[in-house]
Amino acid sequence: MTQSEHVLRMADLRRACSVLLDEAERRFGDEVDLSGAPVDHYWSLDLAAAFDMSETPTQLGCGQVSDDVAEIGALVRRAPEDVIALWHDLDHLTGVLRLLAHLDLPR
């Protein structure tokens, strides 16, 4: 792995998100009706445990897409001075992104 592969560039991440979200919007439209989604709950692994390779995780949690969507909605309505908890908000965003990936799985 080269030195440049050890650097996460926010501009690259932002561009990747933009490309992928543009494609998701092209495939699913500008709104995804979750009432027709085949799932709401999903398995979740504790964030700290997910990155601790010294032990095999022993517990799975359960996430909920409808909760994730509600949390994302609340995030975009927050006042600019409100605290953003990246660990919490990104976890909800991850749930929504994983749903989009799930909806795009070959059937």
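Provided above is the structure to which this section pertains.
Predicted model only: the values in this text are computed from it and were never measured.

A. The overall build of the chain, seen in detail. On a plain count of helices and strands, the chain comes out with four helices and two strands. Scanning the chain from its N terminus toward the C terminus, one meets helices and strands in the order α-β-α-β-α-α. Here the C-alpha coordinates of the chain stretch approximately 40 × 40 × 35 Å along the principal axes. Counting over 107 residues, the chain shows a buried share of 11%.

B. The arrangement of the pattern of salt bridges in detail. Counted under the stated rule, the structure contains four salt bridges. Across the pair R27 and E23 runs a salt bridge, and its minimum N-O distance is 2.7 Å. On the criterion of helical spacing, the pair formed by R27 and E23 is a turn pair, its members being four residues apart in helix 1 (residues 10–28). Among the residues examined, R27 registers a relative accessible area of 44% and is labelled partly exposed. Via salt bridges that share partners, E23, R26, R27 and D104 belong to a single interconnected network.

C. Region of interest: the packing of helix 1 against helix 4 (residues 86–103). Remark: helix 1 packs on helix 4, axes separated minimally by 11 Å, with the N-to-C direction vectors making an angle of 50 degrees. What the angle tells us is that helix 1 and helix 4 run oblique. The two elements helix 1 and helix 4 meet at a crossing, and its hand is left-handed. On helix 4, the residues touching L21, A24 and F28 of helix 1 are L97, L100 and L103. Taken together, the residues that form the contact of helix 1 with helix 4 break down as six nonpolar, no polar and no charged.

D. The side chain of D68, seen in detail. Secondary-structure assignment places D68 in helix 3 (residues 65–77). Buried within the structure, D68 lacks any salt-bridge partner; R98 is the closest side chain of opposite charge, at an N-O distance of 8.7 Å. Polar side-chain contacts of D68 include one of 2.7 Å to the side chain of H92.

E. Fine view of the layout of surface pockets. Roughly 470 Å³ of volume is contained in the largest pocket. Around the largest pocket sit 22 residues that line it, and Y42, S44, L45, D91 and T94 are the ones nearest its centre. Sorting the residues of the lining of the largest pocket by element identifies strand 1 (41–45), helix 2 (47–50), strand 2 (60–64), helix 3 and helix 4 as the ones contributing at least two each. By residue number, the principal contributor to the lining of the largest pocket is helix 4, which donates nine residues. Looking at side-chain class alone, the lining of the largest pocket contains 10 nonpolar, seven polar and five charged residues.

Quick notes on the rules
Residues numbered from 1 in each chain as written. Predicted model: local features only at pLDDT ≥ 70, side-chain atom pairs only at ≥ 80, totals over all residues. Heavy atoms only, no water. Helix = DSSP H or I, 4+ residues; strand = E, 2+ residues; numbered from the N terminus. Buried < 20%, exposed > 50% of the residue type's maximum accessible area, 1.4 Å probe, protein only. Salt bridge = Lys/Arg side-chain N within 4 Å of Asp/Glu carboxyl O. Axes fitted to C-alpha atoms, helices over the stretch in contact; angles between N-to-C directions. Parallel < 35°, antiparallel > 145°, perpendicular 65-115°, else oblique. Left-handed = near helix turned anticlockwise from the far one by under 90°. Contact = heavy atoms within 4.5 Å. Nonpolar A, V, L, I, M, F, W, Y, C, P; charged D, E, K, R; others polar. Lys, Arg positive; Asp, Glu negative; His and termini not counted. Polar contact = N/O pair within 3.5 Å; in protein donor to acceptor, adjacent residues only side chain to side chain. 1 Å grid on protein atoms, 1.4 Å probe; cavity = no way out; pocket = protein on both sides within 12 Å on 5 of 7 lines; lining within 4 Å. Points joined across faces, edges and corners; volume = space filled by probe spheres on them.

So, to be careful, I would describe these as geometric facts and stop short of saying anything about function.
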